[in-house]
Amino acid sequence: AQSVAQPEDQVNVAEGNPLTVKCTYSVSGNPYLFWYVQYPNRGLQFLLKYITGDNLVKGSYGFEAEFNKSQTSFHLKKPSALVSDSALYFCAVRVGGTDKLIFGTGTRLQVFP
Amino acid sequence: DARVTQTPRHKVTEMGQEVTMRCQPILGHNTVFWYRQTMMQGLELLAYFRNRAPLDDSGMPKDRFSAEMPDATLATLKIQPSEPRDSAVYFCASGLGGIGEKLFFGSGTQLSVL
């Protein structure tokens, strides 16, 4: 069965430092991977996706993610964190052959001034 | 900007009462999803529709939950009777369908069952 795992409940980083939010996946067939962000009292917002092609995917707000097939990972990255990046981040995988999107447990990112 | 609209934003009810949550998907979107978010379980997929037809509701407690799409502009999620363990934030999302398509989420309904 398709699934994603986010091993860290929380990531803390100082403003201006690079950040990484980890995600690993388990799928049968081609992986279709997504990152979403949730700000307090809001719904999830799409950040970026990997369907095929370049392993480095660029998305909204300066975020990017690196697809690594050998390590079955899809880590979210940003070169320089902002306090306003503080939010809950979800990795997700599309279940093969369907429209279903299965989410990880989420990682809370806290960026300190 | 087009957006998914959910009503009500907040609902407090007593155990045993019926709860109805509504969602207006983005015009032109043909897939609609219902998710439930809790601290313990995270985001759970309850049900989803394509072209108003229910495709998968395996994540939904069948004895008390029901999801419908009376028309293309309205999706509903009903709980009858409600229980305290149903307290959660319920999100509706819509999309164009397809493996590469992103979902657009509503702001959610915060449900508290006392």
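Located above this text is the structure these notes cover.
Undergrad: Which parts of the structure should I look at to understand the interface of chain B and chain A?
TA: Contacts between the two partners involve 21 residues from chain B and, on the opposite side, 19 residues from chain A. Roughly 1700 Å² of surface becomes buried between chain B and chain A when both sides are summed, with 55% attributable to carbon and sulfur atoms. Area buried by chain B at its contact with chain A is led by Leu43, Ile99 and Phe105 of chain B, which between them contribute 31% of it. Put simply, chain B and chain A have two salt bridges between them. With a shortest N-O distance of 2.8 Å, Arg50 of chain B and Asp99 of chain A are connected by a salt bridge. Between chain B and chain A we count 10 residue pairs in polar contact (both at pLDDT 80 or more) in total. For the side of chain B that touches chain A, the secondary structure elements donating two or more residues are β4 (31–38) and β5 (42–50) of chain B. Residue composition of the side of chain B that touches chain A, by class: nine nonpolar, seven polar and five charged.

Undergrad: Would you mind going over the pairing of strand β10 (residues 87–94) of chain A with me for this structure?
TA: Residue and element names in this part refer to chain A. The buried fraction of β10 is high, at eight of eight residues. Bridging between strand β5 (residues 33–38) and β10 involves six bridges; their strand directions are antiparallel. Looking across to β10, one finds that Gln38 is bridged to Leu88. Where β10 and strand β12 (residues 107–112) come together, three bridges link them in antiparallel fashion. Paired with Ala87 across the bridge in β12 is Leu109. As paired strands, β10 and strand β11 (residues 101–103) are joined by three bridges and run antiparallel to one another. The residue of β11 that forms the bridge with Arg94 is Leu101.

Undergrad: What is the right way to look at the nonpolar core in this model?
TA: Looking at soluble globular proteins, one finds that nonpolar side chains tend to be buried together. Counting residues in hydrophobic clusters, the biggest one holds 26 residues, and the most contacted among them are Trp35, Leu47, Leu48, Phe74, Leu76 and Tyr89 of chain A. Among the elements of the structure, β2 (10–14), β3 (19–21), β5, β6 (44–50), β8 (64–68), β9 (73–78), β10 and β12 of chain A are those that each provide at least two residues to this core. By size, the runner-up hydrophobic cluster in this structure holds 22 residues, among which are Ile26, Phe49, Phe65 and Ala67 of chain B.

Undergrad: Mind showing me how you'd approach the packing of aromatic side chains here?
TA: Pairs of aromatic rings are described using the distance from one ring centre to the other and the angle between the two planes. Going through the model one piece at a time under the given rule, you end up with 16 aromatic pairs over all chains. On the numbers, 6.5 Å between centres and 35 degrees between planes, the contact of Phe34 of chain A with Tyr36 of chain A is tilted. Given a relative accessible area of 0%, Phe34 of chain A falls into the buried group. Of the residues examined, Tyr36 of chain A reaches a relative accessible area of 0% and is grouped as buried. With a centroid separation of 6.3 Å and 20 degrees between ring planes, the pair formed by Phe33 of chain B and Tyr35 of chain B is classed as stacked.

Undergrad: How should I be thinking about the state of the cysteines in this particular structure?
TA: By definition, a disulfide links two cysteine residues through a covalent bond between their sulfur atoms. All names here are of chain A. A complete count under the given rule lists two disulfides over all chains for this structure. The disulfide that involves Cys23 links it to Cys91, with 2.0 Å between the sulfurs. Residues Cys23 and Cys91 are joined by a disulfide whose S-S torsion is about -60 degrees; by sign, that bridge is left-handed. Note that Cys23 is positioned in the loop between β3 and β4 (24–26) and Cys91 in strand β10, a separation of 68 residues in sequence.

Reading the values: rules and limits
Residues numbered from 1 in each chain as written. Chains lettered and ligands numbered in written order. Predicted model: local features only at pLDDT ≥ 70, side-chain atom pairs only at ≥ 80, totals over all residues. Heavy atoms only, no water. Contact = heavy atoms within 4.5 Å. Buried area = accessible area lost by both parts, 1.4 Å probe. Salt bridge = Lys/Arg side-chain N within 4 Å of Asp/Glu carboxyl O. Polar contact = N/O pair within 3.5 Å; in protein donor to acceptor, adjacent residues only side chain to side chain. Helix = DSSP H or I, 4+ residues; strand = E, 2+ residues; numbered from the N terminus. Nonpolar A, V, L, I, M, F, W, Y, C, P; charged D, E, K, R; others polar. Buried < 20%, exposed > 50% of the residue type's maximum accessible area, 1.4 Å probe, protein only. Pairing = 2+ DSSP bridges. Core = buried A, V, L, I, M, F, W, Y, C linked by side-chain atoms within 4.5 Å. Phe/Tyr/Trp six-rings, centres within 6.5 Å; stacked < 30°, edge-to-face > 60°. Disulfide = S-S within 2.5 Å.

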